[in-house]
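These are the residues of each chain, in order.
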Protein chains: 2
Amino acid sequence: MTKAHPTDTSHDHNLCIKEALENAQKVCTARGSRLTALRERVLELVWQSHRPIGAYEVMANLKQGNSKPAQPPTVYRALSFLVEQGLVHKLSSSNAYIGCHIPDKAHDSCFLVCSNCQTTIELDIPDIKQSLAAHAEQCHFSINYSNIELSGLCAECR
Amino acid sequence: MTKAHPTDTSHDHNLCIKEALENAQKVCTARGSRLTALRERVLELVWQSHRPIGAYEVMANLKQGNSKPAQPPTVYRALSFLVEQGLVHKLSSSNAYIGCHIPDKAHDSCFLVCSNCQTTIELDIPDIKQSLAAHAEQCHFSINYSNIELSGLCAECR
DNA sequence: ATATGAAGTGTTACACAATAACATTGATTA
DNA sequence: TAATCAATGTTATTGTGTAACACTTCATAT
Ligand SMILES: [Zn+2]
Ligand SMILES: [Zn+2]
Ligand SMILES: [Zn+2]
Ligand SMILES: [Zn+2]
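Residues numbered from 1 in each chain as written. Chains lettered and ligands numbered in written order. Predicted model: local features only at pLDDT ≥ 70, side-chain atom pairs only at ≥ 80, totals over all residues. Heavy atoms only, no water.

Draft legend 1. Broad picture of the pattern of salt bridges. Evaluated as defined, the whole model comprises 10 salt bridges over all chains. In this structure, A:Glu137 and B:Arg158 form a salt bridge, with 2.8 Å as the shortest nitrogen-oxygen distance. Of the two residues, A:Glu137 sits in helix 5 (residues 126-138) while B:Arg158 sits in the segment after strand 5 (142-153), which places them in two different chains. For A:Glu137, a relative accessible area of 39% gives the class partly exposed. (Salt bridge = Lys/Arg side-chain N within 4 Å of Asp/Glu carboxyl O. Helix = DSSP H or I, 4+ residues; strand = E, 2+ residues; numbered from the N terminus. Buried < 20%, exposed > 50% of the residue type's maximum accessible area, 1.4 Å probe, protein only.)

Draft legend 2. Summary view of the coordination of the zinc ion (ligand 1). All names here are of chain A. The zinc ion (ligand 1) binds to the protein through His11 (NE2), His13 (ND1), Cys16 (SG) and His50 (NE2), with metal-donor distances spanning 1.9 to 2.3 Å. For the zinc ion (ligand 1), the 4 donor atoms in the first shell make angles of 101 to 116 degrees at the metal, a pattern classed as tetrahedral. Donor residues for the zinc ion (ligand 1), ordered by position in the chain, follow H-x1-H-x2-C-x33-H. For the pair shown, His11 and His13 are each scored as buried. (Donors = N, O, S within 2.8 Å, 3.2 Å for Na, K, Ca; no water. Tetrahedral: all angles 85-135°; square planar, octahedral: opposite > 155°, others 65-115°.)

Draft legend 3. A look at the coordination of the zinc ion (ligand 3). Residue and element names in this part refer to chain B. Protein coordination at the zinc ion (ligand 3) comes from His11 (NE2), His13 (ND1), Cys16 (SG) and His50 (NE2), with a distance range of 1.9 to 2.4 Å. Geometry at the zinc ion (ligand 3) is tetrahedral, judged from the 4 donor atoms that bind it and their angles of 101 to 117 degrees at the metal. Summarised as a motif, the one-chain spacing of the donors to the zinc ion (ligand 3) is H-x1-H-x2-C-x33-H. As far as burial versus exposure is concerned, His11 and Cys16 are alike and both buried.

Any link to function would need more than the numbers given here.
See the structure below:
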């Protein structure tokens, strides 16, 4: 059973959100970390769409919604927690956050960001990591973290 | 003749700077773009070391040196020009800039950033790009720009 | 040479992104 | 229950980047 791509506009996104929240609960329970109401709410907001969302946008949504309004430190702390737990990734080229769909699996992320609609797909590509490590080794360089962000056009937009 | 790696602390860095400035002149002349005194000075400051430098650090150095002090927009404009011309790359994960050593050659960059000393090596890895493009194509995604930043330990630091 | 327009730089003010420091609240445990 | 630590609230500040407009410099055409 293959999963629908986020670029498939007809997919049931409520299911994406539901799964993400369930996965988060599982992951946090397993690790003994606390997914508080605030953190869960922020995670839900990050999962609003398959486009990266900025910290201040999250904050604005908190204010609008039924949640209590929050200041920047509150939002950044929640986001930091989610990133630490691997539930959310940060895209440094746009200072924005996106939910991870495989938070229970250790992986090196590779993001495809559509330059037209911002829809973002996360790929887990072990072979690329191997290849990069080999190249790096030739410079006597050992990799321990990779940040790969590719921009282009998604299926819908091209 | 192989070139010394930036991580080789005994290399003649004045030569790096000299070559970078010469290359810049060539590239700009060939393209009919203007490498003004300010832009050249900023490029020289970026090439101060093989570590990425922030815009505000460049600005501070301009103030200290014999150059005229400059405001943020001035510095950012110069940096933007240099990035457009491919003379400098921006590392988004650290909001910092580093000189390109192959500005005359179209390439997709891959950066190895030492997490201990920040020394950064730029690799041109066409095969990785091919591989990434192939993976992306499976999601019906076409890549037109890649940002790859790897952190780890360089030869000196590990 | 002089006018004209475009490109580059100066200047001020502001917007957006992130964190420091400290107070308060809530959960856990002795 | 008291003590303790984790989480959140609050205020202020730092860091990063840009908008808008004035002024200067350079290239080109008359
Ligand atoms: Zn979805
Ligand atoms: Zn992920
Ligand atoms: Zn050097
Ligand atoms: Zn380069």
